[in-house]
Amino acid sequence: QVQLVESGGGLVQPGESMRLSCAHSGGAIRYYAMGWFRQAPGKEREFVAAMPWSGGDIVYGDSVKGRFTMSGDGFKMTIGLQMYNLKPEDTAVYYCAVATKVYGPSRFVDDYDLWGQGTQVTVSA
């Protein structure tokens, strides 16, 4: 069974940096896009960043643009998210995901059909 596993979450202070990683296990799958989303308590899942599996243009959510950098290797199926200048409002569970039926770096949750279990990121003084 193919699975995505995130790592790298934890507690940081405002202004600090953190890197998240995501890797897959359990066999090969064909997918067309990789993405990061996050969900804070009581809120809907929010788009963070996405990119095509083959690399190329990366799209970011407005709230993280200029502070977060996504990376990925479609052949190795590894995804990274480098987060700089973290703010308390970045506190959330972060999820990596891949889209197996939709082309391009989608911003929409429903376009992704394989998800990791999530990793908690807490930004607090």
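Everything numeric in this text was worked out from a predicted model, so none of it was measured.

Participant: How should the sheet that holds strand β8 (residues 78-83) be read in this particular structure?
Facilitator: Within a beta sheet, neighbouring strands are joined by backbone hydrogen bonds and run either parallel or antiparallel to one another. Here 4 strands make up an open sheet; going across it, the order is β1-β3-β8-β7 and the pairing antiparallel. Each of the sheet's edge strands pairs with one partner strand only, and the pair in question is β1 (3-7) and β7 (68-73). For this sheet, the mean inter-axis angle between neighbouring strands, taken without regard to orientation, is 15 degrees. Alignment of β7 against β8, held across 6 bridges, turns out to be antiparallel. Residue pairing in the sheet places S71 in a bridge with G80 of β8.

Participant: Sorry, what's going on with the pattern of salt bridges here?
Facilitator: For side chains of opposite charge, pairing can occur when their charged atoms come near one another. For the structure on display, the rule yields 5 salt bridges. Notably, a salt bridge pairs D90 with R67, separated by 2.8 Å at the nearest N-O pair. With D90 in the loop between β8 and β9 (92-99) and R67 in the loop between β6 (59-60) and β7, the pair connects residues that are 23 residues apart, well separated along the chain. Since its relative accessible area comes to 0%, D90 is described here as buried. Of the residues examined, R67 reaches a relative accessible area of 9% and is grouped as buried. Residue K101 is joined to D113 by a salt bridge in which the shortest nitrogen-to-oxygen separation is 3.2 Å.

Procedures and definitions
Residues numbered from 1 in each chain as written. Predicted model: local features only at pLDDT ≥ 70, side-chain atom pairs only at ≥ 80, totals over all residues. Heavy atoms only, no water. Pairing = 2+ DSSP bridges. Helix = DSSP H or I, 4+ residues; strand = E, 2+ residues; numbered from the N terminus. Axes fitted to C-alpha atoms, helices over the stretch in contact; angles between N-to-C directions. Salt bridge = Lys/Arg side-chain N within 4 Å of Asp/Glu carboxyl O. Buried < 20%, exposed > 50% of the residue type's maximum accessible area, 1.4 Å probe, protein only.

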